[in-house]
Amino acid sequence: GKNLEDPDVHALAGFLRAVKENRVEAGSYLVCESFDRLSREHWRNALPPLLELINCGVRLVQLVPEQVIDAKSDEWAIMGLI
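What counts and what doesn't
- Residues numbered from 1 in each chain as written.
- Predicted model: local features only at pLDDT ≥ 70, side-chain atom pairs only at ≥ 80, totals over all residues.
- Heavy atoms only, no water.
- Pairing = 2+ DSSP bridges.
- Helix = DSSP H or I, 4+ residues; strand = E, 2+ residues; numbered from the N terminus.
- Axes fitted to C-alpha atoms, helices over the stretch in contact; angles between N-to-C directions.
- Parallel < 35°, antiparallel > 145°, perpendicular 65-115°, else oblique.
- Left-handed = near helix turned anticlockwise from the far one by under 90°.
- Contact = heavy atoms within 4.5 Å.
- Nonpolar A, V, L, I, M, F, W, Y, C, P; charged D, E, K, R; others polar.
- Expected span 1.5 Å × (residues − 1).
- Buried < 20%, exposed > 50% of the residue type's maximum accessible area, 1.4 Å probe, protein only.
- Polar contact = N/O pair within 3.5 Å; in protein donor to acceptor, adjacent residues only side chain to side chain.

Caption draft 1: Inspection of the pairing of strand β2 (residues 59–62) at higher detail. Here strand β1 (residues 29–32) pairs with β2 via four bridges, running parallel. Of the residues in β2, the one forming a bridge with leucine 30 is leucine 60. In this structure, β2 lies alongside strand β3 (residues 67–69), joined through three bridges in antiparallel fashion. The partner of glutamine 62 across the bridge, within β3, is glutamine 67. The turn linking β2 back onto β3 is made up of four residues.

So this is what it looks like as structure tokens:
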């Protein structure tokens, strides 16, 4: 959860702020080793910022196992985030 608290300190919070400020173009990718590395929070707390990224057009990429989640993904793929 701390990775979303201070955008001047934590990269994920900074990336989310840049997305909200339209400094990250729709269609951009956020790559991580595994989706569980994006947040250690309970899924109810972790899911809203991830959905916000997806709704802004960011593609979330997991390397292990390889998977891409975006606004066109079906609900079962998105459920794999949690």
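Caption draft 2: Structural context of the packing of helix α1 (residues 11–20) against helix α2 (residues 43–55). Taken N-terminus to C-terminus, the directions of α1 and α2 make an angle of 40°; their axes are 10 Å apart at the nearest point. Relative to α2, the element α1 lies oblique. Judged by the twist between their axes, the crossing of α1 over α2 is left-handed. Contacts between α1 and α2 pair Phe15, Leu16, Val19 and Lys20 from the former with Pro49, Glu52 and Leu53 from the latter. Looking at the contact of α1 with α2, its residues break down into five nonpolar, no polar and two charged.

Caption draft 3: Representation of α2 in the model. In this model α2 runs 17 Å from its N-terminal to its C-terminal C-alpha over 13 residues, within 8% of the 18 Å that 1.5 Å per residue would give. Those residues of α2 not exposed but buried are Ala46, Leu47, Pro49, Leu50, Leu53 and Ile54. Those residues of α2 that are buried lie in contact with α1, β1, β2 and β3. Where α2 ends, the next residue or the one after it, glycine 57, has phi of about 95°, a positive value.

Caption draft 4: Layout of the sheet that holds β1. An order of β1-β2-β3 is seen for the three strands of this open sheet, with the pairing classed as mixed. Two strands in the sheet have a free side with no partner beyond their single neighbour: β1 and β3. For this sheet, the mean angle separating the axes of adjacent strands, direction not counted, is 20°.

Caption draft 5: Seen up close, the side chain of serine 34. Note on placement: serine 34 falls in the loop between β1 and α2. When its relative accessible area of 17% is taken as the criterion, serine 34 is described as buried. Among the polar contacts listed, one links the side chain of serine 34 to the side chain of aspartate 36, at a separation of 3.0 Å. Those residues in contact with serine 34, other than ones at most four positions away along the chain, are Gln62 and Val64.

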